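For reference, the chains in residue letters:
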Amino acid sequence: PLCEFSFPLQVCWQRFNQSCWATVDDWTFVRFIEQGAERFLCPLGSGDPAPAIQACFSHLQARGHAPVVRFVPDVVASRLDKSSFELVPDPDNDDYLYAVADLAEMRGRKYSGKRNHIAQFVRGGTWSFDAYCRDDRPAVDSFLDAWCRDRDCEKHPALDYEMEALDVCLEHSLELGISIFLLRGAGGEILGLAAGGPLLADTWAVHFEKGLATRPGVYPMLTREFARSVPPGIRWLDREQDMGVENLRQAKKSLYPSYREPAWTVRPA
C-alpha cells in the first residue's frame, strides 16, 4: 500500500531511479539507485518478510553498499523483530490517501475554498474532461512545453526527469494500464492533464497532475473530475508523497487526506 509498488510508476521513472528486478523463491526484489547508492524496495512475497530483507542486506553489503531497504509499508514493518531490524520513520515518503467520495463531491465547510475555485473555473467558460487518445499527443506535447516554460524545467533536474517519466506514461499508457484525462477549455485547448491507475483492489494512484495557470481553478477541477472518473469500487486515491517539499505538503494537506500510509526505512539493528 505505497505508490512505489505501482508497476507503472517503476517503469515510467526507470530512467531516473535505474530500477531493476529479480524473482527468487516467490519473492520479487526491486533494486534502485538513490544518490549514487544501491537500495532495495521492500521485497514482495508471502510469508515471513525477514529472510527476504536480510537477503537484501547481504546483497548490498557484498556490492559495497550500506544495507538499507526503503519504502517498507506499515503492514510489513509491524511484523519485523525490533531486535534484528532498526525501523526508521520516513515521513517525507508517507503516502496521502483520500476517500474518492470526498474529492468527487468536496462537500462541507473544509472544502469551501476548493468549491469557490471550481466555481471560478466554471465561470471562465465551456470546458470538457475527456480520456486521452494517441491523436491528442501533439496537443499534449504543446501543453507540456507551456507548462515547462512557466516553471523553467531546464533549470530544475527533478522537473526534467518528471517530464521524461510522463513521456513514458503517454507513450505506453495502454500497456501500463494508466488512464489519462485531459481538461480542455472552450476552444478545445488543453488546460490540464491527470493520469493514474490501479494500486490495490480498492485504490488508485494519481501519478501525474499538471495544469496551466491561464484559467484559475484548474487544479481543483482536475482533482474533482479525476475522482469522478475512476471505476466503480475504487474507494481510495493515493496521491503519493510530498518528498519533504513544503509547497507540495501544503497542497496535499489542503485536500484533507483521510489518512497517511507510513513509509519506513529498515536497517540491521
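Before reading on, note that the structure itself is shown above.
So, here's what we can say about the structure. (Residues numbered from 1 in each chain as written. Predicted model: local features only at pLDDT ≥ 70, side-chain atom pairs only at ≥ 80, totals over all residues. Heavy atoms only, no water.)

Details of the environment of Thr-214
The condition is simple: Secondary structure follows DSSP: runs of H or I at least 4 residues long count as helices, runs of E at least 2 residues long count as strands, and numbering of each begins at the N terminus. Only protein chains enter the calculation, and the probe is 1.4 Å; a residue is then buried if its accessible area is under 20% of its type maximum, exposed if over 50%, and partly exposed in between.
One can find Thr-214 in the loop between β10 (203-211) and α10 (218-229). Classification of Thr-214 as exposed rests on a relative accessible area of 62%. Remark: the alpha-carbon pair of Thr-214 and Leu-191, spanning 23 residues in sequence, is separated by 7.7 Å.

Thoughts on helix α7 (residues 137-151)
Short version of the rule: One less than the residue count of a helix, multiplied by 1.5 Å, gives the span that helix is expected to have. Residue contacts are counted whenever heavy atoms from the two residues lie within 4.5 Å of one another.
The end-to-end C-alpha distance of α7, which contains 15 residues, comes to 21 Å, matching closely the 21 Å that a straight helix rising 1.5 Å per residue would cover. Arg-137, Val-140, Phe-143, Leu-144, Ala-146, Trp-147 and Cys-148 are the residues of α7 that are buried. Structurally, α7 contributes buried residues whose contacts are with α8 (157-171), β8 (179-184), β9 (190-200), β10 and α10. Looking at the residues trailing α7, positive phi occurs at Asp-152, about 50°.

So, the layout of surface pockets
To find leftover empty space, a probe the size of one water molecule is rolled over the atoms. Put simply, the test is: For cavity detection a 1 Å grid was placed over the protein atoms alone, and a set of points counts as a cavity when a 1.4 Å probe fits there but cannot get out; an open set counts as a pocket when protein lies on both sides within 12 Å along at least five of seven lines, with lining residues being those that have an atom within 4 Å of a point. Grid points are joined across faces, edges and corners, and a volume is the space filled by probe spheres set on the points. Throughout, the ten residues Ala, Val, Leu, Ile, Met, Phe, Trp, Tyr, Cys and Pro are labelled nonpolar, Asp, Glu, Lys and Arg are labelled charged, and all others, Gly among them, are labelled polar.
Computed from the structure, the largest pocket encloses a volume of approximately 1,600 Å³. Glu-162, Glu-240, Gln-241, Met-243 and Leu-248 are, among the 43 residues lining the largest pocket, the residues nearest its centre. Take the lining of the largest pocket: its biggest share by element is five residues, from β10. Looking at the lining of the largest pocket, its residues break down into 20 nonpolar, 11 polar and 12 charged. If you add up the space inside the second largest pocket, you get close to 260 Å³. What lines the second largest pocket is a set of 15 residues, and nearest its centre among them are Phe-7, Gln-10, Trp-21, Thr-28 and Val-30. Among the elements of the structure, α1 (7-12), β1 (20-24) and β2 (27-34) are those that each provide at least two residues to the lining of the second largest pocket. Of the residues in the lining of the second largest pocket, the class split is eight nonpolar, six polar and one charged.

Points about the side chain of Glu-261
Definition in use: When charges are counted, Lys and Arg are positive and Asp and Glu negative, with His and the chain ends excluded. By convention in these notes, a salt bridge is any Lys or Arg side-chain nitrogen within 4 Å of a carboxyl oxygen on Asp or Glu.
By the secondary structure assignment, Glu-261 is in strand β12 (residues 259-261). Buried charge without a salt bridge: Glu-261, with Arg-260 as the nearest opposite-charge side chain at an N-O distance of 10 Å. Not counting residues within four places of it along the chain, the set of residues in contact with Glu-261 comprises Pro-1, Leu-2, Asp-74, Asp-94, Asp-95 and Leu-97.

Overview of the pattern of salt bridges
Throughout the structure, instances matching the rule amount to 18 salt bridges. Taking the shortest distance from any N to any O, the salt bridge between Arg-228 and Glu-225 comes out at 3.7 Å. With Arg-228 and Glu-225 both in helix α10 and three residues apart, this pair spans about one turn of that helix. Residue Arg-228 is classed as partly exposed on the basis of its relative accessible area of 42%.

Side note on the state of the cysteines
The criterion, for reference: Here, the term disulfide refers to a pair of cysteine sulfur atoms separated by no more than 2.5 Å.
Counted according to the given criterion, the structure contains one disulfide. One disulfide in the model links Cys-148 with Cys-153; its S-S distance is 2.4 Å. Torsion about the S-S bond of the Cys-148 and Cys-153 cystine: about -75°, corresponding to left-handed handedness. Comparing Cys-148 with Cys-153, the two get one shared label, buried. Between Cys-12, a free cysteine, and Cys-169, which holds the nearest cysteine sulfur, the sulfur-to-sulfur gap is 4.9 Å. Judged by relative accessible area, which is 4%, Cys-12 ranks as buried.

A few points about helix α6 (residues 112-123)
Put simply, the rule reads: Relevant arc is that of directions from the helix axis to the C-beta atoms, nothing else.
Taking 1.5 Å per residue as the helical rise, α6 with its 12 residues ought to reach 16 Å, and the 16 Å between its terminal C-alpha atoms agrees with that figure. All of the buried residues in α6 are Lys-114, Ile-118 and Phe-121. Considered in projection along α6, the buried side chains sweep an arc of 55° and stay on one side of the axis. In this structure, α6 carries Asn-116 and Arg-123 as exposed residues pointing more than 90 degrees from its buried face. Taken together, the buried residues of α6 touch β8, β9 and α10.

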